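Chain residues, written in single-letter form:
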Amino acid sequence: PDAAGYEAENGTLSQAVVESNHAGYTGTGFVNYDNVAGGYVEFTVPATTTGPATLTFRYANGTTGDRPLAVAVNGTATATAFPATGAWTTWRTVTVTATLVAGPNTVRATAATAAGGPNLDSVTVGGQAGTDWSVA
Ligand code: GCU
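In this report, the structure presented in the accompanying data block is examined.

Criteria and cut-off values
- Residues numbered from 1 in each chain as written.
- Predicted model: local features only at pLDDT ≥ 70, side-chain atom pairs only at ≥ 80, totals over all residues.
- Heavy atoms only, no water.
- Pairing = 2+ DSSP bridges.
- Helix = DSSP H or I, 4+ residues; strand = E, 2+ residues; numbered from the N terminus.
- Axes fitted to C-alpha atoms, helices over the stretch in contact; angles between N-to-C directions.
- Salt bridge = Lys/Arg side-chain N within 4 Å of Asp/Glu carboxyl O.
- Buried < 20%, exposed > 50% of the residue type's maximum accessible area, 1.4 Å probe, protein only.
- Phe/Tyr/Trp six-rings, centres within 6.5 Å; stacked < 30°, edge-to-face > 60°.
- Polar contact = N/O pair within 3.5 Å; in protein donor to acceptor, adjacent residues only side chain to side chain.
- Contact = heavy atoms within 4.5 Å.

This next bit is on the sheet that holds strand β8 (residues 76-80). Within the open sheet, the five strands sit side by side as β2-β5-β10-β7-β8. Their pairing is antiparallel. The open sheet has two edge strands with one neighbour each: β2 (12-14) and β8. In this sheet, neighbouring strand axes are inclined to one another by 20 degrees on average, regardless of whether the strands run parallel or antiparallel. As defined by bridge partners, strand β5 (residues 40-47) adjoins strand β10 (residues 103-111) across eight bridges and the pair is classed as antiparallel. Its bridge partner lying in β10, Tyr 40 is registered against Thr 110.

Here it is in structure tokens:
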């Protein structure tokens, strides 16, 4: 397929828990990062070829401040803002561009501040237009 979806609740979690008390999530729940720096959600993303990919994070942030995540693909991190969405039941997307390599890729989203991350619903990985990249 040209895109693959990963539910956050199916990822490998550290200092984060699965919850379902705020409506509007997909799958069976979402991940609530602990309110500390360093908690993460990790996925293994298989790709058929090396090339640029778009990682779309669906999240909610019911606070008034940013809940930034460091999004690392195979260890190379990109600081990424997850701005307030207005309510914990209001879900929006943030997109990160990264290069995936052929074979398994490790995608880890780590809370960058002591407030912890946003509530994370899912990550969708897709190839960019004009490339022959695809998810295995
Ligand atoms: C509230 C909210 C949680 C959220 C948390 C936070 O407790 O109910 O879903 O994760 O705030 O600030 O991270």
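Turning to the pattern of salt bridges, a few remarks are in order. Considering all chains together, one arrives at two salt bridges under this definition. Arg 108 is the partner of Glu 42 in a salt bridge, and the nearest nitrogen-oxygen pair spans 2.6 Å. Note that Glu 42 is positioned in strand β5 and Arg 108 in strand β10, a separation of 66 residues in sequence. The class for Arg 108 is partly exposed, based on a relative accessible area of 30%.

Another aspect to go through is the packing of aromatic side chains. Centre distance and the angle of the planes are the two values used to describe a pair of aromatic rings. Using the criterion set out here, one finds five aromatic pairs in the structure. Aromatic side chains Phe 57 and Phe 82 sit 5.8 Å apart centroid to centroid with 90 degrees between the ring planes, which places their arrangement in the edge-to-face category. In this pair, Phe 57 sits in strand β6 (residues 51-60) while Phe 82 sits in the loop between β8 and β9 (92-100), placing the two residues 25 residues apart along the sequence. Classification of Phe 57 as buried rests on a relative accessible area of 0%. Measuring from centroid to centroid gives 4.9 Å for Tyr 59 and Phe 82, while their planes differ by 85 degrees, and the two rings are edge-to-face. In this pair, Tyr 59 sits in strand β6 while Phe 82 sits in the loop between β8 and β9, placing the two residues 23 residues apart along the sequence. What makes Tyr 59 buried here is its relative accessible area of 3%. In this structure Phe 82 comes out as buried when scored by relative accessible area, which is 0%.

For Glu 42, a relative accessible area of 17% puts it in the buried group. Reaching out from Glu 42, the side chain makes a polar contact with the side chain of Arg 108 at a distance of 2.6 Å. Setting aside its immediate chain neighbours within four residues, Glu 42 contacts Gly 11, Thr 12, Thr 106, Val 107 and Arg 108.

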